[in-house]
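Coordinate analysis (summary)
Take a look at the letters that make up each chain.
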Amino acid sequence: MQTPCIEVKNLYKHYGDIKAVDGIDLSVQSGTVFGVLGPNGAGKTTTLETLLGLKQRDGGMVRILGFDPEKDQAALRHKVSAQLQAPAVFGRLTVKELLRLFASFYHDPLPSEEVLQMVGLQEKQKAPCDSLSGGQKHRLAVALAVAANGDVVFLDEPTTGLDPQSRRQLWDVIATLRHRGRTVVLTTHYMDEAEQLCDQLVIIDAGRIIARGRPRNLLDEHFPHDVLEFDNPGFGDATLARVGELPAVADWSRETGGRVVLHSRQASATIEALQRFASEEGRRISDITMRRASLEDLFLKLTGRMIRQ
Amino acid sequence: MKSFIVLFTATAKEFIRDRSGLFWTFALPIAFIFMFGLIFSGDNQDIPFEYILPGILAMALMQLGLFGAMQFLALRERNVLRGLSITPVSRAALLGSEVLVRLLTAFVQAAVILSIGIAVFGVEFANPLHEIAILVLVGAAAFVSLGYMLICFVSTIDGGSGLAQVVQLPMMFMSGIFFPVELMPEFVQPVVRFIPLKFLADALREVMSGMGADFPLAVNVGLLTLFLGCTLLVTLKFWRWE
């Protein structure tokens, strides 16, 4: 068991009556990607800013690499980087000039060319920062955080507003950081992103953690069954009832349009048995689809709301 | 030191690439020189060109200083400076390079204005250039300091430029940079005598053109330095990064 690289106990941040962060505990192992998930306004950004010491916390303990970011900011400057609005400082410098400028302040920065390649801004390297589009500025901000080459990288909604291709590219960036043993903390309201990228995650709603764990484990825990769907090949009621008794089937139902839905404890066993059963009955089922529950479903189950409402 | 040089280079590039900033810094004073130069040429010698030129230089230095601080205000109000606090980029070095760029620009400005005076209007200076240079430095420093003092007391970018206008317009018209204060109504004269821009304009006029003023040169320079000291103290007292 490694020592955690980030430890947070009972973190509070209130604005008047609004409890933006309402008692959060976190423990992030080094070398992992940690996701903070939640809808807009759930307190993700405030949590991040409080962790970084950019906002003063109202209560609780924060340790990053053993340091308190509010008291020992100097000790963390070279080791922790965050995607921030830094491009606004020198808007008339070119992308490459700005990247080089920031890199020059760190002990062991990544080469600018490599970082530009990673975030897909090579073609814009000679463009003034001010001339970039919103998505490009976003990627530049990520590039600055990555160039620092510190131990911990904080990314606040790194893929929001990006086109699908740029999103994939940033996923690769995060995977690369992880591969190099960096710790990444990212906030997102994209559930697929969290599922793909994060080793551990917390789901935040109204400033509180409502679920935590490995994405897969969380889903297995809350949705132990796989969902199988197929078009009814002409089974009568009595035959369908026997389908409900096939191996590993926990539940079944008939949907409108002749679809049949099975909840299976083990999809492969159920599919095999279903195919055999159908051929014994002289029918063919050719369109079985399997749907695994997503974090989106989980959020809905936990809060009764869709995440992007 | 290395990081200061890096930041200074970036700040200088940023300044040079700012077209509208360059316009106000150079084009405006040059336009004023030609405007006044043409009005008071030939038969109309009411106000000699030797009187006008130091006033325009003083005005240019004031604007350079006052509006330079507004850049920094924008960085502060957009929370850029706050964000920098978690990086190894030193905010103090960033501020220092801003100030240094302004002070160096003051010399360039002065050189341009004086050159036009010599080349186009045949002005001859009463005293050696290094004495003018010292005044340029003190004057620029005083108004840079005033600019940073002002942004301590506003919390929006608009508020900052509004305040700068409120400060600069009366100074421009009441400090006798374009016409002698004696031409103004009797009752404003006691006030007008103590406008900081007047100390600079009068001192420059004495050094450049040999024209005497209300106060002797040493008093004007002393008052200007006192003004620099006071604004600096107030700035240090009320300064905030966020």
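Reference entry: report on the structure contained in this document. (Residues numbered from 1 in each chain as written. Chains lettered and ligands numbered in written order. Predicted model: local features only at pLDDT ≥ 70, side-chain atom pairs only at ≥ 80, totals over all residues. Heavy atoms only, no water.)

So, the packing of helix H5 (residues 134–147) of chain A against helix H6 (residues 164–179) of chain A
All names here are of chain A. For the pair H5 and H6, interaxial distance at closest approach is 12 Å and the crossing angle is 10 degrees. Put simply, H5 runs roughly parallel to H6. Contacts between H5 and H6 involve Arg139, Val142 and Val146 on the former and, on the latter, Ser166, Gln169, Leu170, Val173 and Leu177. In terms of residue class, the contact of H5 with H6 is built from 5 nonpolar, 2 polar and 1 charged. (Axes fitted to C-alpha atoms, helices over the stretch in contact; angles between N-to-C directions. Helix = DSSP H or I, 4+ residues; strand = E, 2+ residues; numbered from the N terminus. Parallel < 35°, antiparallel > 145°, perpendicular 65-115°, else oblique. Contact = heavy atoms within 4.5 Å. Nonpolar A, V, L, I, M, F, W, Y, C, P; charged D, E, K, R; others polar.)

A closer look at the interface of chain A and chain B
Each partner contributes residues to the interface: chain A has 24 residues there, and chain B has 23 residues. Interface area, chain A with chain B, both sides summed: about 2200 Å², of which 64% is carbon and sulfur. Across the contact surface, chain A and chain B share 5 salt bridges. Taken together, the connections running from chain A to chain B amount to 10 residue pairs in polar contact (both at pLDDT 80 or more). Looking at the side of chain A that touches chain B, the elements with two or more residues in it are helix H1 (44–52), strand E5 (80–82) and helix H3 (95–103) of chain A. With 3 residues, H3 of chain A is the largest single contributor of residues to the side of chain A that touches chain B. Looking at side-chain class alone, the side of chain A that touches chain B contains 13 nonpolar, 6 polar and 5 charged residues. (Buried area = accessible area lost by both parts, 1.4 Å probe. Salt bridge = Lys/Arg side-chain N within 4 Å of Asp/Glu carboxyl O. Polar contact = N/O pair within 3.5 Å; in protein donor to acceptor, adjacent residues only side chain to side chain.)

Quick look at the environment of Gln71 of chain B
Residue and element names in this part refer to chain B. Here Gln71 shows up in helix H3 (residues 49–77). Looking at Gln71, the relative accessible area reads 34%, which means it is partly exposed. The spatial distance from the C-alpha of Gln71 to the C-alpha of Phe194 is 28 Å, given a sequence separation of 123 residues. Here Gln71 is in contact with Asp18, Glu98 and Arg102, once residues within four sequence places are set aside. (Buried < 20%, exposed > 50% of the residue type's maximum accessible area, 1.4 Å probe, protein only.)

With respect to the state of the cysteines
Per the stated rule, a full pass over the model turns up 0 disulfides over all chains. Not engaged in a disulfide, the cysteine Cys5 of chain A finds its nearest cysteine sulfur in Cys198 of chain A; these two sulfurs lie 15 Å apart. In this structure Cys5 of chain A comes out as buried when scored by relative accessible area, which is 4%. Distance from the sulfur of Cys230 of chain B, which forms no disulfide, to the nearest cysteine sulfur (Cys152 of chain B) is 14 Å. A residue is classified by how much of its surface remains accessible, and Cys230 of chain B, at 40% relative accessible area, is partly exposed. (Disulfide = S-S within 2.5 Å.)

Re H3 of chain A
With 7 of its 9 residues buried, H3 of chain A lies for the most part within the structure. Buried within H3 of chain A are the following residues: Val95, Lys96, Leu98, Leu99, Leu101, Phe102 and Ala103 of chain A. Among the structural elements, helix H4 (112–119) and H5 of chain A together with helix H1 (2–16) and helix H4 (80–84) of chain B are those in contact with the buried residues of H3 of chain A.

Points about the sheet that holds E5 of chain A
Residue and element names in this part refer to chain A. Taken together, the 6 strands give an open sheet; going across it, the order is E5-E6-E7-E3-E8-E9, and neighbouring strands pair in mixed fashion. Each end of this open sheet is capped by a strand with a single partner; those strands are E5 and strand E9 (208–213). Along the sheet, successive strands turn relative to each other by an average axial angle of 15 degrees, direction set aside. Judged from the 5 bridges that link them, strand E6 (residues 152–156) and strand E7 (residues 183–188) form a sheet pairing that is parallel. Bridge pairing links Val152 to Thr183 in E7. Packing against the sheet, H1 makes contact with strand E3 (33–37), E5, E6, E7 and strand E8 (200–205), and its axis sits at approximately 150 degrees to E6. (Pairing = 2+ DSSP bridges.)

Focus: the side chain of Asp199 of chain A
All names here are of chain A. In this fold, Asp199 is placed in the loop between helix H7 (191–197) and E8. One polar contact links the side chain of Asp199 to the main-chain amide nitrogen of Val33, over a distance of 2.7 Å. Side chain to side chain, Asp199 and Arg178 meet in a polar contact 2.7 Å long.

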